[in-house]
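Structure at a glance
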Amino acid sequence: MIDETHHPDLRSWVDSANEPGTDFPIQNLPLGTVRRDPSEAGTVAVAIGNDVMLLDVAVRLGLLSGPAREAAAACADGFINPLMALGPGPRRALRAGLVNALRADSDTGRRARSHASELLVTASDVEMLVPAAIGDYSDFYASIEHAKNLGSMFRPDNPLLPNYKYVPIGYHGRASSIVASGTGIVRPSGQTKAETDAAPSFGPTKRLDYELEVGVFVGPGNSLSEPIPIAQAEERMFGLCLVNDWSARDVQGWEYQPLGPFLAKNFATSVSPWVVTMDALEPFRAPAFRRADGDPAPLPYLSSPANETAGGVDIQLEVWLRSAKMRAAKTPAYRLSHVRFTQMYWTLAQLVTHHASNGCNLNPGDLLASGTVSGAAKDSRGCMQELTWRGTEPITLPSGEQRRFLEDGDEVIMRGFCERDGCARIGFGECRGTVLPAIASAGHIT
Ligand code: MN
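We now turn to the structure provided with this report. (Residues numbered from 1 in each chain as written. Predicted model: local features only at pLDDT ≥ 70, side-chain atom pairs only at ≥ 80, totals over all residues. Heavy atoms only, no water.)

**Quick word on the coordination of the manganese ion**
Selection rule: Counted as donors are N, O and S atoms no farther than 2.8 Å from the metal, or 3.2 Å for Na, K and Ca; water is not among the atoms, and sites may therefore look incomplete. The numbering of helices and of strands both runs from the N terminus, where a helix is a DSSP run of H or I of at least 4 residues and a strand a run of E of at least 2. Partly exposed residues are those whose accessible area sits between 20% and 50% of the maximum for their type, while under 20% is buried and over 50% is exposed, using a 1.4 Å probe and protein chains only.
Protein coordination at the manganese ion comes from Asp-139 (OD), Glu-211 (OE), Glu-213 (OE) and Asp-245 (OD), with a distance range of 2.1 to 2.2 Å. Spacing between the donor residues of the manganese ion along the chain follows D-x71-E-x1-E-x31-D. Placement of the pair is Asp-139 in strand 6 (residues 137-140) and Asp-245 in the loop between strand 14 (237-244) and strand 15 (247-248), with a sequence separation of 106 residues. The exposure class assigned to Asp-139 is buried, which follows from its relative accessible area of 1%.

And the structure:
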């Protein structure tokens, strides 16, 4: 479904959208929710260069017509969810309409330009909110390298459990603590027990970590007890964002058996503010992960020729860190790792289909995260637990500071972008969060 909206020669009348290296050229057009003032409700907007275009203003000015106008009108209450529910047809119509309104060489574009002061707001002048009303959130474990690395730390004799190559492993996360990029992350407290301790104790985590992940927002979803065939999984996806699944490793190590992650993960999850639609990602689709010889084929319900040939998405992902000391010295952030999303053992379509395979209903705006994205190379590991090998191999920052896990004041910045010859580069923007000191619990105040 590559069409004229993907053409690399398209130019926008918004000059910053034509700059090489921008995350938000006219070929991207991700959707998000913004507000200019904390007293305002959110309104749906589109990222274009260094600006955001307000969708309700575009509708009011008559810059969108027909199905594009109807699709935009679905967001009138300030939420993207109703548009997500409509599926790929209206979403593509909106994309075509937005391209028409933002391109430099169309009549609509020229008319839009004359209303630029109403239509556009500088991105740095708006607050970005969580992009959708997320009803439910699940997190997977789809990187086999991450699973092998973590498994070998927790279970040296048995790193990869026998179900891994058959079941896309996941757990139900917590939607209430999903926060927008930029929100401070208070160091959580919890129960931990070092191997050498006789009994657990309660206090601030000493092993705070991030996890680099990609999230998929569900589009139309499915009714209760009605599975999503793999052939239909792509049309049930709306778009992707970056996810930081903050994790307290010492809490996790003590609590995770037998039921899996709980309080080690649900204190905060950050998401990037822009949802890059599946349409914008079309030029960057890639084959599914090539399984090693001898690995079992996915069971039939998780298998299709289309998923084999184009179930992957070639996103380049990066994690950067900037400590408080680096910020004070104006030292730029330091890149900890980089990895390609094509390394994932399971595709997004397989995650969607598996999640619904028992009849579990997914709703528009639900978020399914991939799990930590790690590759085989050491500098492609997507969390600190892996990078420092459980804290045994500390990282040295440009400031000379060492890190085994995150310290208060550390800012974690995740970035993602897609590049391919003959295509316009598109990006996800950033997912940021700074670690704030723990809050003393009532029982600890003296
Ligand atoms: Mn995770």
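**Overview of the sheet that holds strand 26 (residues 426-436)**
Which entries qualify depends on this criterion: Here, strands pair whenever DSSP counts at least two bridges between them.
Judged by pairing direction, the sheet is mixed, and its five strands sit side by side in the order 9-26-25-20-21 without closing on themselves. Two strands close off the open sheet at either side, each with one partner strand: strand 9 (185-186) and strand 21 (334-340).

**Topic: the pairing of strand 10 (residues 189-192)**
Side-chain alternation along strand 10 places Gly-190 and Thr-192 on a buried face and Ser-189 and Gln-191 on a face that remains uncovered. Looking at chain direction, strand 10 and strand 11 (residues 201-204) are connected through four bridges and run antiparallel. Bridge pairing in strand 11 links Thr-192 to Ser-201.

**Details of the nonpolar core**
Rule in force here: Take the buried residues of types Ala, Val, Leu, Ile, Met, Phe, Trp, Tyr and Cys, join any two whose side-chain atoms come within 4.5 Å, and each joined set is a nonpolar core. Any pair of residues with heavy atoms lying within 4.5 Å of one another is described as a contacting pair.
Of all hydrophobic cores here, the largest spans 59 residues; its most connected members are Tyr-210, Leu-240, Leu-281, Ile-315, Leu-317, Phe-341 and Leu-406. Per-element accounting of this core gives the leading share, five residues, to helix 12 (residues 348-356). The residues contacting Leu-240, other than those within four sequence positions of it, are Val-214, Gly-215, Val-216, Trp-274, Val-275, Val-276, Met-278, Leu-281, Val-313, Ile-315, Leu-348 and Phe-428. Core analysis: the next-biggest nonpolar cluster, separate from the first, contains 57 residues, Met-53, Ala-58, Ala-68 and Met-84 among them.

**Focus: the environment of Ser-106**
Note the threshold: Polar contacts, as counted here, are pairs of nitrogen or oxygen atoms within 3.5 Å of one another; within protein the pair requires one atom able to donate a hydrogen and one able to accept it, and residues that are adjacent in sequence qualify only if both atoms are side-chain atoms.
Assignment of secondary structure puts Ser-106 in the loop between helix 4 (88-102) and helix 5 (107-114). On a C-alpha basis, the gap between Ser-106 and Gly-78 in space is 28 Å, while along the polypeptide they are 28 residues apart. Here Gly-109 takes part through its backbone nitrogen, which lies 2.8 Å from a polar atom of the side chain of Ser-106.

**Focus: the sheet that holds strand 1 (residues 31-35)**
What the five strands build is an open sheet, ordered 4-3-2-1-5; its pairing is antiparallel. Edge positions in the open sheet fall to strand 4 (120-122) and strand 5 (127-128), since each of these has one partner strand only.

**Here's the deal with helix 12**
Where burial is concerned, most of helix 12 is hidden: nine out of the nine residues are buried. Among the residues making up helix 12, those that are buried are Leu-348, Ala-349, Gln-350, Leu-351, Val-352, Thr-353, His-354, His-355 and Ala-356.

**Remarks on a nonpolar patch on the surface**
Stated precisely, the cut-off is as follows: Exposure above 30% relative accessible area and the lack of any salt bridge qualify a residue for a patch; like charges then connect within 9 Å, and the nonpolar side chains Val, Leu, Ile, Met, Phe, Trp and Tyr within 5 Å. Where accessible areas are quoted, they stem from the Shrake-Rupley method and a 1.4 Å probe; at the residue level, only the protein chains shown are allowed to cover. Salt bridges are defined by distance alone: a side-chain nitrogen of Lys or Arg within 4 Å of a carboxyl oxygen of Asp or Glu.
A surface patch of nonpolar side chains, about 270 Å² in accessible area, is lined by Tyr-166, Leu-299 and Tyr-301. Locating Leu-299 in the fold gives a position in the loop between strand 18 (285-286) and helix 10 (305-310). For Leu-299, a relative accessible area of 40% puts it in the partly exposed group.

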